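Tertiary structure, described
The primary structure of each chain is shown beneath.
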Amino acid sequence: MKKLILSVLLCFALGCGNNSQSETDDELGVQTVENAVIYESQQAKQNWILSTTQAKFHENSENAVLINPQLSFKEGDDTLSIIKGDEGTISMEQGLIVLKGNVFGKSISQNAELRTTLLNYDINERKIWTERKVEIKRNGVTVTGQGLRANGDFSEIEIKNQTTTLPEHE
Amino acid sequence: QEIPAELLGGMLKSDSWVIKRDLQQEIFTGNVRFDSGMYKLNADKVISNRKNNTVSIIGNAYLFNRLKTGETIELFSDKILFNTKNRKGSASKVQNPVNIIYQMPEEYKLDILSNYAHIDGIKSTINLKEDVKIKYTTPASFILGYADSAFIDRANRNAVFEGSVEFDNTEYTLYAGKVSYEGSKNEITIERNYPLILAANEDITGALQSDFIKINTLTKKVHARGRVSGWVAPSN
């Protein structure tokens with residue numbers, strides 16, 4: 001059974017620092033956690049790992065606001081890709097991670113780089129998607145598009161309204 | 001995967017591009033356009049399958065290639081299948097005939113229609129099947145040709161037309177079962193179905209029928225054998 005280890009890890013996974021809810025945080029009802037790590041584990045293998053320099057949990061919301069989130073996709077011990085953003089959110093109920101701002105992804109398995117301004121990851125469906133402009137660079141080839149969808153292990157990627165520019169003759 | 005030199009600098013557009021890594025397949029769908037100056041491609045859908053080195057170009061498929069000589073080759077088809085390794089391909093009619101156009105500006109234009117074309121990109125040969133129609137035009141003249149099948153070897157300037165073969169231009173009409181052209185010898189060989197040539201120009205009108213006819217296109221010499229018959233008369 002897919003085990004989603006969440007809050008327990010928030011404080012202890014990285015021996016994160018003080019759970020400074022009151023002294024440093026003047027927002028009422030907001031619990032701020034430094035260096036949080038959230039991951040999904042299946043048969044003791046992590047499919048994805050979300051680390052963030054800061055996670056803010058609002059009392060009456062099951063969403064967490066993430067600062068400098070980094071989402072890594074794993075296959076066994078291999079890291080398939082890493083996607084970073086300036087900020088983001090995670091909703092356990094919806095099973096949705098959203099990365100925003102300067103979203104930059106590097107796919108080690110595909111030797112590709114992705115840039116966009118917003119990227120969604122559906123934890124349950126293991127689907128990545130955005131309707132935003134995307135730019136992908138791979139082996140000297142630049143692809144721009146408006147919208148992208150991919151499955152969790154990047155074995156299938158769709159780029160919409162794409163323009164691919166092949167490198168010039170050397 | 002290495003990008004072929006002739007495609008470098010090109011731009012490829014489509015409404016959707018799906019990459020299936022495990023199947024080594026890439027599917028471009030909707031307004032697929034490619035242009036690298038030397039090559040152009042338009043289609044509704046293109047499927048690249050690296051496992052078996054094939055590219056399927058489906059729906060309003062158009063290929064354009066400009067050779068270094070300045071000659072251009074255009075291929076219009078409903079469906080094209082091309083092997084990127086052995087450079088062989090086939091174009092087939094679904095609704096519209098296959099149309100291949102060779103052109104050297106101010107020199108000649110060879111416009112070919114057929115239901116099926118098999119192309120060998122390395123040997124520069126084409127095998128045409130079913131309802132073959134050709135139109136060869138130069139600034140000074142034209143020839144219309146019809147056949148059931150044809151084989152064109154551009155590299156060696158050879159061509160063979162078979163089946164119900166007919167050739168027409170302003171002066172001649174030819175009916176035969178097989179017509180072969182050997183560019184290196186400047187010879188046309190006409191045989192099968194008791195070939196018949198009808199001629200009409202300002203000087204003469206006439207006809208020649210014979211089992212076997214050979215014409216030298218340079219010397220204009222005609223050699224006929226087997227049941228040779230015919231007539232010639234001044235035009236006026």
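Residues numbered from 1 in each chain as written. Chains lettered and ligands numbered in written order. Predicted model: local features only at pLDDT ≥ 70, side-chain atom pairs only at ≥ 80, totals over all residues. Heavy atoms only, no water.

In the nomenclature of an unreviewed UniProt entry, chain A corresponds to LPS export ABC transporter periplasmic protein LptC from the organism Elusimicrobium minutum.

**What to know about the overall build of chain B**
Along its length, chain B carries zero helices and 19 strands. The dimensions of chain B, computed from C-alpha atoms along their principal axes, are 70 × 35 × 30 Å. Across the 236 residues in chain B, those meeting the buried criterion constitute 39%. Pairs at least 24 apart in sequence give 34% of the contacts found in chain B among residues at least 6 apart. Accessible area of chain B: about 12900 Å², with a carbon and sulfur share of 54%. Charge centroids of chain B, computed over 30 positive and 28 negative side chains, lie 6 Å from each other. (Helix = DSSP H or I, 4+ residues; strand = E, 2+ residues; numbered from the N terminus. Buried < 20%, exposed > 50% of the residue type's maximum accessible area, 1.4 Å probe, protein only. Contact = heavy atoms within 4.5 Å. Areas by Shrake-Rupley, 256 points an atom, 1.4 Å probe, with all protein chains shown as cover. Lys, Arg positive; Asp, Glu negative; His and termini not counted. Charge placed at Lys NZ, Arg CZ, Asp CG, Glu CD.)

**A short note on the confidence of the model for chain B**
Here chain B averages 93 in pLDDT, and 97% of its residues register 70 or above. Predicted as a complex, the structure gets a pTM of 0.84 and an ipTM equal to 0.81. (pLDDT = per-residue confidence, 0-100.)

**Digging into the side chain of Asp 168 of chain B**
All names here are of chain B. Considering the arrangement of structural elements, one finds Asp 168 in strand β12 (residues 158–168). Although Asp 168 lies buried, it forms no salt bridge, and the closest oppositely charged side chain, Lys 135, sits 12 Å away as judged by the N-O distance. Side-chain polar atoms of Asp 168 contact the side chain of Thr 173, separated by 3.2 Å. (Salt bridge = Lys/Arg side-chain N within 4 Å of Asp/Glu carboxyl O. Polar contact = N/O pair within 3.5 Å; in protein donor to acceptor, adjacent residues only side chain to side chain.)

**With respect to the confidence of the model for chain A**
Detailed reading of the predicted coordinates is not advisable wherever pLDDT is low. Looking at chain A, the pLDDT average stands at 81 and 81% of residues meet or exceed 70. A low-confidence stretch, residues 1–24 of chain A (pLDDT under 50), is modelled with 39 contacts involving residues beyond four sequence positions or located in other chains.

**A look at the interface of chain A and chain B**
One frequently used descriptor of interface size is the decrease in accessible area upon assembly of the parts. In this complex, chain A contributes 22 residues to the contact, which on the side of chain B involves 20 residues. Both faces combined, the contact of chain A with chain B buries some 1900 Å², and carbon together with sulfur accounts for 49% of it. Inspection of the chain A/chain B interface yields one salt bridge. Here Lys 20 of chain B and Glu 156 of chain A are joined by a salt bridge, their closest N and O atoms 3.8 Å apart. At the junction of chain A with chain B, the criterion picks out nine residue pairs in polar contact (both at pLDDT 80 or more). Listing elements by their share of the side of chain A that touches chain B, those giving two or more residues are β11 (141–151) and β12 (156–165) of chain A. Looking at the side of chain A that touches chain B element by element, the count peaks at 10 residues for β12 of chain A. (Buried area = accessible area lost by both parts, 1.4 Å probe.)

**Some points on the pattern of salt bridges**
A full pass over the atoms with the stated rule returns 13 salt bridges over all chains. Lys 106 of chain A is paired through a salt bridge with Glu 113 of chain A; the nearest N and O atoms lie 3.5 Å apart. Classification of Glu 113 of chain A as partly exposed rests on a relative accessible area of 25%. One salt bridge in this structure joins Lys 214 of chain B and Glu 187 of chain B, with 3.3 Å as the shortest N-O distance. Within this pair, whereas Lys 214 of chain B is found in strand β17 (residues 212–216), its partner Glu 187 of chain B is found in strand β14 (residues 187–191), the two being separated by 27 residues in sequence.

**Brief notes about the packing of aromatic side chains**
This structure, assessed with the given rule, holds six aromatic pairs over all chains. On the numbers, 4.8 Å between centres and 45° between planes, the contact of Tyr 62 of chain B with Phe 76 of chain B is tilted. Taken together, the positions of Tyr 62 of chain B in strand β4 (residues 54–66) and Phe 76 of chain B in strand β5 (residues 72–83) put the pair 14 residues apart, joining distant regions of the chain. Residue classification places Tyr 62 of chain B among the buried positions, given a relative accessible area of 14%. According to the relative accessible area criterion, Phe 76 of chain B is partly exposed, its value standing at 32%. Aromatic pair Phe 161 of chain B and Phe 167 of chain B: ring centres 5.1 Å apart, planes at 85°, arrangement edge-to-face. When sorted by exposure, Phe 161 of chain B lands in the same class as Phe 167 of chain B, which is buried. An aromatic cluster of at least three residues, connected via ring pairs, comprises Trp 48, Phe 73 and Tyr 121 of chain A. Sitting over the ring of Phe 64 of chain B, Lys 40 of chain B keeps its end group 4.5 Å from the ring centre. (Phe/Tyr/Trp six-rings, centres within 6.5 Å; stacked < 30°, edge-to-face > 60°. Lys NZ or Arg CZ within 6 Å of the ring centre and 35° of its normal.)

**As for the side chain of Glu 74 of chain B**
Residue and element names in this part refer to chain B. Residue placement: Glu 74 occurs in strand β5. There is no salt bridge for the buried Glu 74, and the closest opposite charge comes from Lys 109, which lies 6.5 Å off by N-O distance. For Glu 74, the side chain forms a polar contact with the side chain of Tyr 62, separated by 2.6 Å. With near-sequence residues (within four places) excluded, Glu 74 lies in contact with Tyr 62, Leu 63, Phe 64, Asn 99, Ile 100, Ile 101 and Gln 103.

**Describing the environment of Thr 29 of chain B**
Examined against the element boundaries, Thr 29 of chain B turns out to sit in strand β2 (residues 25–35). It is 6.1 Å that separates the C-alpha atoms of Thr 29 of chain B and Asp 44 of chain B, two residues lying 15 residues apart in sequence.

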